[in-house]
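# Commentary on secondary and tertiary structure
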Amino acid sequence: MTEAEILELSCAELARAIAARRVTAVQAMEAALARAAAVQPRLNCFLRVDADAALDAARLADREIARGHARGPLHGVPMAHKDMYHRAGIASSWGGRIGPGRPAPATASALERLDSAGAIQFGVLNMAECAFGPTGHNYHYGHCRNAWDPERITGGSSSGSGTTVAARANFAALGSDTGGSIRLPATFCGTAGVKPTYGRVSRAGAMPLSYSMDTVGPLARTVEDCALILGVLAGEDPRDPTADPRAVPDYMAALGRPVAGLAIGRPRQYYYQGCDAEIVALMDASLEAFRRLGARVIEVDLPEMDAWNAAGSMIISAEAAALHGNWLRSRPQDYSPQVRARLESGLAVPAASYIDSLRLRGPALASFSRAVFSKVDVLHAPVVSFQTPTIAETDVGGGPKMAQLLAQVTRLTRPANYLGVPALSVQAGFTRAGMPVGMQLLGRPFGEATLFALGHAFQGATDFHRRAPKL
Amino acid sequence: VQGVQISREGAAECAAWVAGVLERAAPAFAQVAFEDEPAGYTAAQRRSAP
């Protein structure tokens, strides 16, 4: 198999090829490292590559395979992750100057689980400063660039995760999603990505932004890969009391579930308000593809989405301001103007409004579930309402246009964080400008398996995920 | 957070942002009555799980 052929494989395909000894882990790692070096000057997507250690780990993986031992379902698969997952003995950057500033005492649970499954980490990725930015701009390490057009944004905050996976320089990456930070780069860069149910994946050893909203999940080229990796990541963790103890379903088995008869909701309110006509057309085309697969499409009315979005915004801002309070006092100059301004906004959230925002979450989820999940199995919606802008167009820093722009970017993603429901972003097609566009499927709490079944069926009927950017 | 230095302009922008967000959230907040205080968010998650 050539280097180019290896790089076109998904995680699941590569893991099977390594297990069958059709490809070695060293060959896969050498291909990933070469591609990473080739795209870095154009995409500015890696913050660090650990080539020697990764090749050593790949050699060990090959010796294990030769002895008939595979560590798990990702044995030998190269991965690089958003630089906010702590690895013992290494200092994470958190995408800026603010951070722990010392080697981590322990490895993040998410990384430990990927290690146990056999994945090999070969680097860390660019990201929005402190994961507090939805566009992919980074004023410390340079802006991350979109593999489909380096003048356009990647989306954030998991900017490097989206663009390296799209560029075939990475087989899959951890992202994090507090207000859309997995789904936004997934849609702008043309990958799949899953924001799990709040509590589904442990956050131990991951940089916190908002305790009540943070989720950990993967970006990958296929829905099958998302299912495979979430199955590895999910589950109870004594290091994170918010990690839910319920059993983790067999997400890979769920991929084979029939989707005929499932009901998909198309929202009458909120999600299509002011939406770009090309995106609306791509959403409708994706719904038509689901109809052809036997699913039913039903229009549904939604409750107070805009109010819930605002409440979610208050929670994130207030919790982020509290988390960063000491650094805001002692090192305000070490933040970029945009992140500092956003954190300062959180200081102005009244305590009673923050508490109201939190105590409204339960009733909001109940209301949303009555309106949506009493009628359909999933809600289908665009991830963003506009086409991928350029980096220059969205370079607003901390100025007066910032709040409006950032609110517009996260408007369609944040409600899922507030409600805590899972959301899967899947490539739905391309605009006339050649940029990918994603749809999101929102499910019941802990209903990721249904999302994977639908997303996998869609990818079986389309080839958008197989198309690669020409870099 | 005590001790954070914010410029007069920055404080005005923060206040304007919060006023806007509170206005948008108002319809939902209006529905949260004292006696309706939820048993907990995770309880709502369990009730709505498949």
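Structure's up top.
Residues numbered from 1 in each chain as written. Chains lettered and ligands numbered in written order. Predicted model: local features only at pLDDT ≥ 70, side-chain atom pairs only at ≥ 80, totals over all residues. Heavy atoms only, no water.

Time to look at the overall build of chain A. In terms of regular secondary structure, chain A is built from 18 helices and 11 strands. For 471 residues, the compact-globule formula gives about 23 Å, and the C-alpha radius of gyration of chain A, at 20 Å, lands near that figure. If you line up chain A on its principal axes, its C-alpha atoms span 60 × 60 × 45 Å. Counting all 471 residues of chain A, 66% fall into the buried class. Taking as baseline every contact in chain A between residues at least 6 positions apart, the subset at least 24 positions apart corresponds to 79%. Surface accessibility of chain A: about 15,200 Å² in total, with carbon and sulfur atoms responsible for 52%. Counting 47 positive and 42 negative side-chain charges, chain A places the centres of these two groups 2 Å from one another. (Helix = DSSP H or I, 4+ residues; strand = E, 2+ residues; numbered from the N terminus. Rg over C-alpha atoms; globule rule 2.2 N^0.38 Å. Buried < 20%, exposed > 50% of the residue type's maximum accessible area, 1.4 Å probe, protein only. Contact = heavy atoms within 4.5 Å. Areas by Shrake-Rupley, 256 points an atom, 1.4 Å probe, with all protein chains shown as cover. Lys, Arg positive; Asp, Glu negative; His and termini not counted. Charge placed at Lys NZ, Arg CZ, Asp CG, Glu CD.)

What follows concerns the overall build of chain B. Scanning chain B from terminus to terminus reveals 2 helices and 0 strands. Looking at chain B as a whole, 32% of its 50 residues qualify as buried. Just so you have it, chain B exposes about 3,300 Å², and 53% of that area is on carbon and sulfur atoms.

Let's shift gears to empty space enclosed by the protein. Residues and elements named next belong to chain A. This structure, assessed with the given rule, holds 7 cavities of 30 Å³ or more. Its boundaries defined by the atoms lining it, the largest cavity holds a volume of some 160 Å³. What lines the largest cavity is a set of 17 residues, and nearest its centre among them are F132, G179, R342, T410 and R414. For the lining of the largest cavity, the element with the most residues is helix α11 (residues 305-323), which contributes 3 residues. (1 Å grid on protein atoms, 1.4 Å probe; cavity = no way out; pocket = protein on both sides within 12 Å on 5 of 7 lines; lining within 4 Å. Points joined across faces, edges and corners; volume = space filled by probe spheres on them.)

Turning our attention to the sheet that holds strand β4 (residues 172-176) of chain A. Residue and element names in this part refer to chain A. Spatial strand order, β4-β6-β5-β10-β11-β9-β7-β8: 8 strands in an open sheet with mixed pairing. With partners counted over all chains shown, the strands left at the sheet margins are β4 and β8 (296-300), one partner each. Neighbouring strand axes in the sheet, compared pairwise and without regard to direction, differ in orientation by 30° on average. Of the pairings in the sheet, the one linking strand β9 (residues 378-382) to strand β11 (residues 436-442) comprises 4 bridges and is antiparallel in character. (Pairing = 2+ DSSP bridges. Axes fitted to C-alpha atoms, helices over the stretch in contact; angles between N-to-C directions.)

In this section: the nonpolar core. Residues and elements named next belong to chain A. Membership of the largest hydrophobic core comes to 158 residues, with the highest contact counts inside it found for L74, Y271, F368 and F452. The residues touching F452, leaving out its near neighbours within four places in the chain, are V194, V223, C226, A227, L230, Y251, L255 and L424. Counting residues in each nonpolar core, the second largest holds 12 residues, with I153, V383, V384 and F386 among its members. (Core = buried A, V, L, I, M, F, W, Y, C linked by side-chain atoms within 4.5 Å.)

It is common to report an interface's size as the accessible area lost on association of the parts. Contacts between the two partners involve 43 residues from chain A and, on the opposite side, 29 residues from chain B. Between chain A and chain B, a total of about 3,100 Å² is buried, with carbon and sulfur atoms accounting for 67% of that surface. Counting the contacts that link chain A with chain B gives 1 salt bridge. A salt bridge links A:D306 to B:R24, with the nearest nitrogen and oxygen atoms 3.6 Å apart. (Buried area = accessible area lost by both parts, 1.4 Å probe. Salt bridge = Lys/Arg side-chain N within 4 Å of Asp/Glu carboxyl O.)

Moving on to the pattern of salt bridges. Residue and element names in this part refer to chain A. If you walk through the whole model with that rule in mind, you get 23 salt bridges over all chains. When the shortest N-O distance is used, the salt bridge between R152 and D149 registers 3.0 Å. Accessibility expressed as a relative area gives 22% for R152, which makes it partly exposed. A salt bridge links E278 to R432; its shortest N-O distance comes to 3.5 Å. Note that E278 is positioned in helix α10 (residues 277-292) and R432 in the loop between β10 (423-430) and β11, a separation of 154 residues in sequence. On the accessibility criterion, E278 (15% relative accessible area) is buried. Salt bridges here are not isolated pairs; linked through shared partners, they connect R268, E299 and D301.

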